[in-house]
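Notes for the structure review
What follows is each chain in one-letter form.
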Amino acid sequence: MRFFRRFNLSRDIGIDLGTANTLIYVSGKGIVLEEPSVVAIEKKTEEPRAVGKEAKLMLGRAPETVDAVRPLKDGVIADLDATEIMLKEFIRRVCDGVPLVRPRMVIGVPSGVTKLERRAVMEAASEAGAKEVDLIEEPVAAAIGAGLPVAEPTGNMIVDIGGGTTEVAVISSQGKVISESIKIAGDELTESIMHYVRREHKLSVGENTAESIKLNLGSAYPVVEEEEVMEVSGLHLLSGLPRTISITAGEIRESISEPVSAIIDAIKRTLEQTPPDLAADIIDRGIMLAGGGGLLTGLDVLVGRETGIVTHIAADPLKCVVLGTGRVLEDPSLDRVFSDRSVLV
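Residues numbered from 1 in each chain as written. Predicted model: local features only at pLDDT ≥ 70, side-chain atom pairs only at ≥ 80, totals over all residues. Heavy atoms only, no water.

Notes on the confidence of the model for the protein
The predicted coordinates ought not to be read in detail in places where the model reports low pLDDT. Looking at the protein, the pLDDT average stands at 90 and 93% of residues meet or exceed 70. Per-element mean pLDDT across the protein ranges from 42 in helix 1 (residues 2-7) up to 98 in strand 17 (residues 287-290). Confidence drops under pLDDT 50 across residues 1-9; counting only partners more than four residues distant or on other chains, this segment forms 22 contacts. (pLDDT = per-residue confidence, 0-100. Helix = DSSP H or I, 4+ residues; strand = E, 2+ residues; numbered from the N terminus. Contact = heavy atoms within 4.5 Å.)

What follows is the structure in structure tokens.
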């Protein structure tokens, strides 16, 4: 019984099952796990070699006997078996190896997922040990986690930029009034950097290197006079040998300008379809950025300039969705936010 008093895992777990990272919230404990959504699997035995941080280090570096994969793509499950392996391992870590009584799980999903994709999430959760699964759309969860007053009959706009999708939504009275989900987000920014470096510098770099460039130099709008420079190593395409080059923040801003523009366009389209009274609320309250993409330097400035609306960054943008699932677990008054509810046998 000490286990249940300590973890309260017999019923309540909130999960942000993200393309880039998976976060788990336990009722009464808070966020207890934050790991990359990556699995390394032995090809012969189909057994997991590594999950999470260790598996991510193997991306682009795995031996030929191992597949290092990201089982989620564009915010949805692309490899069901790998997703089940990953969830089981993460939940085992949360439990410290103690056998788990089948809990209730609240899981965030993109607003544009199909019924088949929702069923895949429920199946993965069931295989990982869930007895009951409630699905909540990620922009709604992000708005709750960001502290927006979603229960009030006023307009709140959230832009949740994750790894695989960007979710733009206007929320009022615990419900989504209008939303748009596009498959352009953090991964697209990383890929754009890889293509730019390959095209302009004839240098092939891996996903981890491109992500590091994005984190260190990435920006949507110039906010400093003297821009940073970073040394980048990779394989030179012309010589076939390893080489190191210098790349500037301005170059990276240029390389990601197209996907950033697509995100801005999605925000504008959503605003254009927003009812006038709710649009007035948004002008008063501003736009809230969440997700890892919300941390892109200067993005809040660019959104504000393009829309004419003050734009804020959530206090903890990377954790907004999982914090939202946690608040829903612990606040019964937020029972109208779920898009799907299922008791699994």
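Side note on a nonpolar patch on the surface
On the surface, V223, V224 and V301 cluster together into a nonpolar patch covering about 230 Å² of accessible area. As for its position among the elements, V223 is in the loop between helix 7 (207-217) and strand 15 (229-236). By relative accessible area, V223 is classed as partly exposed at 48%. (Patch = residues over 30% accessible without salt bridge, like charges linked within 9 Å, V, L, I, M, F, W, Y side chains within 5 Å. Areas by Shrake-Rupley, 256 points an atom, 1.4 Å probe, with all protein chains shown as cover. Salt bridge = Lys/Arg side-chain N within 4 Å of Asp/Glu carboxyl O. Buried < 20%, exposed > 50% of the residue type's maximum accessible area, 1.4 Å probe, protein only.)

Focus on unusual backbone geometry
Notably, E46 is not glycine yet its phi reads approximately 60 degrees, a positive angle. Among the secondary structure elements, E46 is positioned in the loop between strand 4 (39-42) and strand 5 (48-51). A positive phi angle, near 65 degrees, is found at Q174, a position not held by glycine. As for its placement among the helices and strands, Q174 is situated in the loop between strand 12 (166-172) and strand 13 (175-182).

Points about helix 10 (residues 276-285)
Among the residues making up helix 10, those that are buried are L278, D281 and I282. Down the axis of helix 10, the sector holding all buried residues measures 100 degrees, keeping them to one side. Within helix 10, the exposed residues directed more than 90 degrees away from the buried face are P276, D277, I283 and D284. Residues of helix 10 that are buried make contact with strand 11 (156-161), strand 12, strand 13, helix 9 (257-272) and strand 17. Just downstream of helix 10 lies G286, where phi reads positive at about 90 degrees. (Arc of directions from axis to C-beta.)

Quick look at the pattern of salt bridges
For the coordinates displayed, the defined rule picks out 18 salt bridges. Between D134 and R104 there is a salt bridge, with the nearest N and O atoms lying 2.9 Å from each other. Separated by 30 residues along the polypeptide, D134 in strand 10 (residues 132-137) and R104 in strand 9 (residues 104-109) bring together distant segments of the chain. Judged by its relative accessible area of 16%, R104 falls in the buried class. Salt bridges linked by common partners bring E35, K53, E89, R92 and R93 together as one network.

Side note on the sheet that holds strand 11
With respect to topology, five strands assemble into an open sheet ordered 13-12-11-17-18, the strand pairing being mixed. Two strands close off the open sheet at either side, each with one partner strand: strand 13 and strand 18 (311-313). Adjacent strand axes in the sheet meet at a mean angle of 20 degrees when their direction is disregarded. (Pairing = 2+ DSSP bridges. Axes fitted to C-alpha atoms, helices over the stretch in contact; angles between N-to-C directions.)

Comments concerning the sheet that holds strand 5
The strand order across the open sheet built from three strands is 5-4-6, with neighbouring strands paired in antiparallel fashion. In this open sheet, the two strands that pair with only one neighbour each are strand 5 and strand 6 (66-69). In this sheet, neighbouring strand axes are inclined to one another by 15 degrees on average, regardless of whether the strands run parallel or antiparallel. Alignment of strand 4 against strand 6, held across four bridges, turns out to be antiparallel. Each bridged residue has a counterpart across the sheet, and for A40 the counterpart in strand 6 is A68.

Quick look at the domain arrangement of the protein
Each assigned domain of the protein is listed with its residue range as follows: domain 1 (13-140 + 321-334) and domain 2 (149-313). The gap between the C-alpha centroids of domain 1 and domain 2 is 24 Å. Of the residues lining the interface, 19 residues belong to domain 1; the matching set on domain 2 comes to 17 residues. With both sides pooled, the region where domain 1 packs onto domain 2 buries about 1,500 Å², and carbon together with sulfur makes up 47% of that total. When the area that domain 1 buries against domain 2 is broken down by residue, the three leading residues are D74, P139 and V140, summing to 33%. Viewed at the interface, domain 2 and domain 1 are joined by four salt bridges. Put simply, R70 and E207 hold a salt bridge, and the shortest N to O gap is 2.5 Å. On the surface where domain 1 and domain 2 come into contact, there are seven residue pairs in polar contact (both at pLDDT 80 or more). With three residues, the single largest contributor to the side of domain 1 that touches domain 2 is helix 5 (residues 138-145). (Domains from an automatic or database assignment. Buried area = accessible area lost by both parts, 1.4 Å probe. Polar contact = N/O pair within 3.5 Å; in protein donor to acceptor, adjacent residues only side chain to side chain.)

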